[in-house]
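Coordinate analysis (summary)
Each chain is listed here by its residues.
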Amino acid sequence: MSYNASILNDDAAGSATAARQPALTGCPWHDVNEMLQAAGLRPTRQRMALGWLLFGKGARHLTAEMLYEEATLAKVPVSLATVYNTLNQLTDAGLLRQVSVDGTKTYFDTNVSAHHHFYLENNHELVDIPDPHLVLSSMPEVPEGYEIARVDMVVRLRKKR
């Protein structure tokens, strides 16, 4: 079985599909409520508060610890476990995209479109690769009974010495 380079910018399996498109207004609180309901998630106080922190500032890349710190500074009463649970629920619902940089660092991306990332090793920052036409010249043979769900390319960068 052979795959062409276009897989890099296509989600083969797609993300979780919502029952309806959210009616976004530009008001972060209203929009988070709409996004949660469209994804089939109940808009609890904690999900609303964390969603407001996540989605109210545009496209972002956050770890659970970073969001927990923001929530603490904003006086949102949540535990780190609740932050992890909420991030995983939002990811499962297709509202976030999980990007693993290495075995110990996982970022959650509010931009769920097909795109790739630079990881800046010196300051532990994940940024979008701006080129939407990035291609991989060939894909590996996929074992019988499996299909490629998504390709996540993370290019690690460090300052020149």
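Here is what the cut-offs are and how they apply
Residues numbered from 1 in each chain as written. Predicted model: local features only at pLDDT ≥ 70, side-chain atom pairs only at ≥ 80, totals over all residues. Heavy atoms only, no water. Buried < 20%, exposed > 50% of the residue type's maximum accessible area, 1.4 Å probe, protein only. Helix = DSSP H or I, 4+ residues; strand = E, 2+ residues; numbered from the N terminus. Arc of directions from axis to C-beta. Contact = heavy atoms within 4.5 Å.

Side chains that are three or four residues apart share a direction in an α-helix, a result of its 3.6 residues per turn. Looking at helix α3 (residues 64–73), one finds that the buried residues are A64, L67, E70 and A71. Axial view of α3: buried residues confined to an arc of 125°, hence all on one face. Exposed residues lying more than 90 degrees from the buried face of α3 are E69 and L73. Its buried side turned inward, α3 meets α2 (45–55), β1 (61–62), α4 (80–92) and β3 (105–109). Where α3 terminates, the next one or two residues include K75, which has phi positive at roughly 60°.

For the rest of this paragraph, the subject is the environment of A64. Relative to the helices and strands, A64 resides in helix α3. Classification of A64 by relative accessible area gives buried; the value is 2%. Counting along the chain gives 19 residues from A64 to V83, while the straight-line C-alpha distance between them is 6.2 Å. For A64, the residues in contact, after removing those within four places along its chain, are L80, V83, Y84, L87 and F108.

Among the 11 residues of α2, 8 are classified as buried, and the element is accordingly described as predominantly covered. Considered for burial, the residues of α2 that qualify are R47, M48, A49, L50, G51, L53, L54 and F55.

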